Amino acid sequence: MITSKKYILVAIPLILSTITTPLLGMVDTMVIGHLSNASFIGGIAISVMIFNTLYWLFGFLRVSTTGLVAQAFGRNNAYESKLAFFRPLLVAIVIGVVFVLAQQIILSAAYFIMKPEQSVWMFAKQYFSIRIWGAPFALAMYVIVGWLIGASKVKITLFLQLYMNVLNIILCIVFVMVLGWEVKGVALATVIAEISAPILGIFLVRSQQFLADWHKVRKELFDIKMLKVMWAMNRDFFIRTICLLTAHTIFTAIGSSMSVEVLAANTILFQLHFVFAYFFDGLANASSIFMGNAVGAKNEMLYKKTLHLSFWWSFVFALLMSATFYVLGPWMLAKFTNIQEVYQLTLDYYIWLTLFPICGFWALMLGGIFSGATLIKPIRDSHIWSLVSYFIVLVICIPLWSNHGLWLAFIVFNLGRSVFLAMYQYKINHLFRADHP
């Protein structure tokens, strides 16, 4: 049976592996933030938002892989776990190639939606035109990490994520601070790391004798019935991600329309928001593993214990994060930029970020519970209702409080994700009924 010690020993490597991703974004922002122009920060913010949109839309490639693989291991079915790897891997590669071929269309659509200032857009295009070539590899990485997490290969997951993000950070510092390549250097560092990491990941998976039955697996990859099941599950997660990205995109777009300085300040604060979110994502990944095992083995006690430990550990960490950032926030923000106007704006709005862990921790944790159970429809519905709440607050509060109203709407959106998803918990209980197939 799962204990608190066992839970946290699984969670810690996963937290470390996931939190390197936003730390990378922080380093990129800090490096660019110490150059002379706020447009550098704004340009990267716009372009990173484009990639977040492209990649997060297909975040189900990782989440569904984790849930299906964890359930397969709960049933002691290694062959099924292999099929749960190769099907989404093929999808990931195809989608990534489509992104590369359609890069000009994507750029035109982004400019039409965002309408940024020309100085910002120039740097955004520089970043995008380099990083887009890593798209097939970045999406393949989602599947590789999803399988490793579902298979409880947490140490390998940590190593792979650390390799990718530490390499990215080192190259970013060398290319920008030493060689002076500015935005192009940040993009080149990222694409090199994104291409090399999944290549290493395939090697590590192969070292687990994962590819031993490839010829047998290949015959069942295109089983129509199973592909339909995978699509039905991933469709709901796709809609969930559209809601999440809509909220983030509108946040960036409205901040961009206010001024370049507000966009830069919001970008810095949003980087710290991602640190908080990815920290909880690491905990959620641990919960997803145990939840998938519980569903696969029909073990209701394991489910209840997972839910209990997930709540209390995430609640404790949420309190610690909010308190720490409230005290150290001004000092941390000073490390991001030496542009005084941008720094002052971050101080004006940083109090909103102290509320994020408390308001959003349970949504992120329940997301891991539901995805481990492969119950994606409740996640979808909770995000739809949260987005509706977000729009209502935006309409009312932006005219009254400008950027403060924007941050209030974002906090309401994350609080809604927690409240609305908690209302669907009864659906998980039904999975452990004796009459459930």
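Above this text sits the structure in question.
Fair warning: this is a prediction, and the values are worked out from it, not measured in the lab.

Quick notes on the nonpolar core
Step number 1: Counting residues in hydrophobic clusters, the biggest one holds 146 residues, and the most contacted among them are Phe-99 and Tyr-390.
Step number 2: Sort the elements by how many residues they give to this core and helix H12 (residues 260–297) lands first, with 22 residues.
Step number 3: When residues no more than four places from it in sequence are discounted, the contact partners of Phe-99 are Leu-54, Tyr-55, Phe-58, Ile-106, Ile-132, Ala-135 and Leu-139.

Concerning the packing of aromatic side chains
Step number 1: Considering all chains together, one arrives at 26 aromatic pairs under this definition.
Step number 2: Geometrically, the ring pair formed by Phe-356 and Phe-410 is stacked, given 6.4 Å between the ring centres and 15° between the ring planes. Here the residue Phe-356 occupies a position in helix H14 (residues 340–372), and Phe-410 occupies one in helix H16 (residues 403–422), the gap between them amounting to 54 residues.
Step number 3: Overall, Phe-356 belongs to the buried group, its relative accessible area being 2%.
Step number 4: Judged by relative accessible area, Phe-410 falls into the buried class, the value being 1%.
Step number 5: A network of ring pairs unites the aromatic residues Phe-279, Phe-280, Phe-311, Trp-312, Trp-313, Phe-315, Phe-317, Phe-361 and Trp-362 as a single cluster.

Topic: the environment of Ile-250
Step number 1: Relative to the elements of secondary structure, Ile-250 occurs in helix H11 (residues 224–258).
Step number 2: Residue class for Ile-250 comes out partly exposed when judged on its relative accessible area of 22%.
Step number 3: Taking the C-alpha atoms as reference, Ile-250 lies 9.7 Å from Phe-391; in sequence the two are 141 residues apart.
Step number 4: Once you skip the residues sitting within four places of it in the chain, Ile-250 turns out to touch Tyr-390, Phe-391 and Leu-394.

Here we look at the pattern of salt bridges
Step number 1: Per the counting criterion, the structure on display carries 5 salt bridges.
Step number 2: For Arg-380, the salt bridge is made with Asp-236, and the minimal N-O distance between the two is 2.9 Å. Of this pair, Arg-380 sits in helix H15 (residues 377–401) while Asp-236 sits in helix H11; the two residues are 144 residues apart in sequence, bridging distant segments of the chain.
Step number 3: The exposure class of Asp-236 is buried, given its relative accessible area of 7%.

Focus on the side chain of Ser-382
Step number 1: In this fold, Ser-382 is placed in helix H15.
Step number 2: From its side chain, Ser-382 meets the backbone oxygen of Ile-379 in a polar contact 2.8 Å long.
Step number 3: With residues near it in sequence (within four places) discarded, Ser-382 still touches Arg-417, Phe-420, Leu-421 and Tyr-424.

The rules behind these values
Residues numbered from 1 in each chain as written. Predicted model: local features only at pLDDT ≥ 70, side-chain atom pairs only at ≥ 80, totals over all residues. Heavy atoms only, no water. Core = buried A, V, L, I, M, F, W, Y, C linked by side-chain atoms within 4.5 Å. Buried < 20%, exposed > 50% of the residue type's maximum accessible area, 1.4 Å probe, protein only. Helix = DSSP H or I, 4+ residues; strand = E, 2+ residues; numbered from the N terminus. Contact = heavy atoms within 4.5 Å. Phe/Tyr/Trp six-rings, centres within 6.5 Å; stacked < 30°, edge-to-face > 60°. Salt bridge = Lys/Arg side-chain N within 4 Å of Asp/Glu carboxyl O. Polar contact = N/O pair within 3.5 Å; in protein donor to acceptor, adjacent residues only side chain to side chain.

Keep in mind that these numbers describe shape and distance, not what the molecule does.
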